[in-house]
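# Structural overview for review
What follows is each chain in one-letter form.
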Amino acid sequence: MFYYVLKYVILGPLLRLLFRPRIEGLEHIPEQGAAIVAGNHLSFSDHFLMPAIIKRRITFLAKAEYFTGPGLKGRLTAAFFRSAGQIPVDRSGKDAGQAAIREGLGVLSKGELLGIYPEGTRSHDGRLYKGKVGVAVMALKARVPVVPCAMVGTFEIQPPGRVVPRIKQVTIRFGEPLDFSRYAGMEDQKAAIRAVTDEIMYAILGLSGQEYVDEYAAKVKAEQAEQAKKFPKRRR
């Protein structure tokens, strides 16, 4: 119940008023039935802007850290994400990917919309990074279409480290649903799930116009952090 109050009474109208999102291709979201909406992830604001303009309820797999933060801020954040119907996923450990897939398939089995960011984390520099294959596994196992989505301008309004977003118009684009029925029964074949994942990322790239990096974002972030430790900036 609170999800719809948040969407249509509180947060949704406020976001539309402040950011005046330009929406393209909304007709590509199925009016009923299970589907995956796969998008790029540029900003914390993405969690709110996309759901606010989609007519149907959409459930995202959210990192568990949003539900375990310390202090008052942590409790408020956790309460908000739970009220918005988001599912916490522990991204640590070797079984993290399988846990996320199980949760996602549970949403799809109910005929609902599942939102996912195939990059696995926010882009730290505005570029589009290599997609993780979980989205492909879920699409093939559940036999559902994947609607590519591109958030444009959200990196500029709230880049990493910025708490309060800038008030500026953003664009949200949805592409035509991708049908992967030709891969039916191949969800355990590495080549097939990599091909499906790359097709999804290519569709997102075509909508967003970002520069593409054929590496995982988390790996690049870790390498840059390690470099920063080895070669810290000298204080003037």
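Now for a quick tour of the structure. (Residues numbered from 1 in each chain as written. Predicted model: local features only at pLDDT ≥ 70, side-chain atom pairs only at ≥ 80, totals over all residues. Heavy atoms only, no water.)

### Here we look at the overall build of the protein
Within the protein, the secondary structure is distributed over 8 helices and 9 strands. Radius of gyration (C-alpha) of the protein: 18 Å, near the 18 Å computed for a compact globule of 236 residues. The principal-axis extents of the C-alpha atoms in the protein amount to approximately 60 × 45 × 35 Å. By sequence separation, contacts in the protein at least 24 residues apart represent 79% of the contacts at least 6 residues apart. Of the roughly 12800 Å² that the protein leaves accessible, carbon and sulfur atoms contribute 55%. For the protein, the distance from the average site of its 36 positive side-chain charges to the average site of its 23 negative ones is 9 Å. (Helix = DSSP H or I, 4+ residues; strand = E, 2+ residues; numbered from the N terminus. Rg over C-alpha atoms; globule rule 2.2 N^0.38 Å. Contact = heavy atoms within 4.5 Å. Areas by Shrake-Rupley, 256 points an atom, 1.4 Å probe, with all protein chains shown as cover. Lys, Arg positive; Asp, Glu negative; His and termini not counted. Charge placed at Lys NZ, Arg CZ, Asp CG, Glu CD.)

### Topic: the pattern of salt bridges
Summed over the entire model, instances satisfying the criterion amount to 7 salt bridges. Across the salt bridge formed by E199 and R182, the nearest N and O atoms sit 2.6 Å from each other. On the criterion of sequence distance, the pair formed by E199 in helix α7 (residues 190–208) and R182 in the loop between β8 (171–174) and α7 is long-range, its members being 17 residues apart. The residue K219 makes a salt bridge to E215 at a minimum N-O spacing of 3.2 Å. On the basis of relative accessible area, E215 is assigned to the partly exposed category, the value being 34%. Each of D125, R127 and E211 takes part in salt bridges that share partners, so that together they form one network. (Salt bridge = Lys/Arg side-chain N within 4 Å of Asp/Glu carboxyl O. Buried < 20%, exposed > 50% of the residue type's maximum accessible area, 1.4 Å probe, protein only.)

### Focus: the sheet that holds strand β5 (residues 113–116)
If you trace the 7 strands from one edge of the open sheet to the other, you get β1-β8-β7-β2-β5-β3-β4, paired in mixed fashion. Both outer strands of the open sheet, β1 (22–24) and β4 (87–89), are each paired with one neighbouring strand and no more. Between one strand and the next, the sheet's axes are offset by a mean angle of 25°, whatever the strand orientation. Here α7 sits on the sheet and contacts β2 (35–39), β7 (146–152) and β8; the angle it forms with β7, its principal contact strand, is near 35°. (Pairing = 2+ DSSP bridges. Axes fitted to C-alpha atoms, helices over the stretch in contact; angles between N-to-C directions.)

### Section: the nonpolar core
Counting residues in each nonpolar core, the largest one holds 31 residues, and the members touching the most others are I36, M138, F180 and I200. Of all the secondary structure elements, the ones that give two or more residues to this core are β2, β4, α4 (96–109), β5, α5 (134–142) and α7. The element contributing the most residues to this core is α7, with 7 residues. Every residue in contact with I36, bar those within four places of it in the chain, is listed here: L108, L114, I116, V135, M138, A139, V144, P145, V146 and V147. By size, the runner-up hydrophobic cluster in this structure holds 22 residues, among which are I54, F60, M151 and V170. (Core = buried A, V, L, I, M, F, W, Y, C linked by side-chain atoms within 4.5 Å.)

Keep in mind these numbers describe shape, not what the thing actually does.
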